[in-house]
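Coordinate inspection notes
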Amino acid sequence: MITAQLKTATKTEPTILSKNKLIENWIIRYTYTLSNGSKAKQPIEDVMFRGLPPKANILNSLVITGSDNSNLIEFFESSLAVPNNQWYGSGARHQEELIIGWHYSADSFDPQLGLQPGASLKGFGFNSIDLPGVWIAQIVGNVGYHHFQPLYENDSDVDELMSEIEYNDFVPRNVAAPMISVSAPFDPAIVMENIRTHVATWPGKQLAEAAFAAQLDLNLQAAANAYRTNQPEAAKGYIEILLDMIRRDHKDIDREDDEDNDGKNDSQKTNTQHLTIDRLAARVLDFDLKYVLKRMRHEGEENDGKKSKDKESRKER
């Protein structure tokens, strides 16, 4: 009988710093800095975002026609920015989920290759028109061999067990990812409801206390209803209440380079202050709410411009 020792890919100490920046045409640039702690026992060779919404928008993907000339297949290697030529991106859209990720491209049989302990690397990223929510990145250490493959076509119980072990063989870290769709044409009531739906998942993920999340929900719903009934100033007031709530725990929320708190699980955080909302969740919600305010201000300026032009046209007649 041939036996082999199973090496887990979880002997890393990863941190991911997520940043979001609004660029032209309401596109959001998602960027990530990946670090591996100095006490890690493995280099990092894979970063995967699995289970993103199946309709999540990632710009600049490659869409090809399948063999039957009707089924479109979408790939994301061209969408994903990489820090250097040692890394490459990949991904595909499935009916149930969208998957993207970054992989160390050198010989993966060498367990010494990848993002080394004590190292940090910027340059992972992509563009999207969807707003950020909080999701899980799966960080995989280099164990020096390829993934397990069943020996036979009919999977045995051992095959299924091994596949399950491998599928869950990673270290999870929270990241900002495109989780919240933006309606086209832009409708602030729909966007606020989409934000509200995502925030409702946070207590179950230990991202916000239930009582605090309930207060967030009340104000998110009130803002959505105000936009729906054409009361933008009232909606703005509710959003300002939400922004004030976030700053009770995170007064320096606009400081984007806080690597001591962002991108880590609660068990890693050295801050002993009792928080009602996770820092990354707070930063994500702060970004989303400010996006809605900016978008509405832009819409108002456009409408004012159109009214001025119409008035000038009437005068000329």
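Note that the structure is a prediction, hence the values are computed from the model and not measured. (Residues numbered from 1 in each chain as written. Predicted model: local features only at pLDDT ≥ 70, side-chain atom pairs only at ≥ 80, totals over all residues. Heavy atoms only, no water.)

1. Focus on the side chain of glutamine 42
Note that glutamine 42 resides in the loop between strand E2 (28–36) and strand E3 (44–52). Take glutamine 42: its relative accessible area is 7%, and that puts it in the buried class. A polar side-chain atom of glutamine 42 sits 2.7 Å from the main-chain carbonyl oxygen of threonine 8. Once residues lying within four places of it in the same chain are set aside, the contact partners of glutamine 42 are Thr8, Ala9, Thr10, Lys11, Thr12, Asn36, Pro117, Gly141, Asn142 and Val143. (Helix = DSSP H or I, 4+ residues; strand = E, 2+ residues; numbered from the N terminus. Buried < 20%, exposed > 50% of the residue type's maximum accessible area, 1.4 Å probe, protein only. Polar contact = N/O pair within 3.5 Å; in protein donor to acceptor, adjacent residues only side chain to side chain. Contact = heavy atoms within 4.5 Å.)

2. Here's the deal with the nonpolar core
Phe49, Met192 and Ile195 are the most contacted members of the largest nonpolar core, which totals 68 residues. Here this core takes 10 residues from helix H5 (residues 279–316), the largest share from any one element. When residues are assigned to domains, this core turns out to be shared by domain 1 (1–181) and domain 2 (182–317), each giving three or more. With sequence-adjacent residues up to four places away left out, methionine 192 is seen in contact with Leu220, Ala223, Ala224, Tyr227, Ile239, Leu289 and Val292. (Core = buried A, V, L, I, M, F, W, Y, C linked by side-chain atoms within 4.5 Å. Domains from an automatic or database assignment.)

3. Observations regarding helix H3 (residues 210–228)
Here H3 contains 19 residues, and its C-alpha end-to-end distance of 26 Å stays within 8% of the 27 Å for a straight helix at 1.5 Å per residue. Burial in H3 covers these residues: Phe212, Ala213, Leu216, Asn219, Leu220, Ala223, Ala224, Ala226 and Tyr227. The buried residues of H3 occupy one face: seen down the axis, they fall within an arc of 160°. Every exposed residue of H3 that faces more than 90 degrees away from the buried side is listed here: Ala210 and Ala211. (Expected span 1.5 Å × (residues − 1). Arc of directions from axis to C-beta.)

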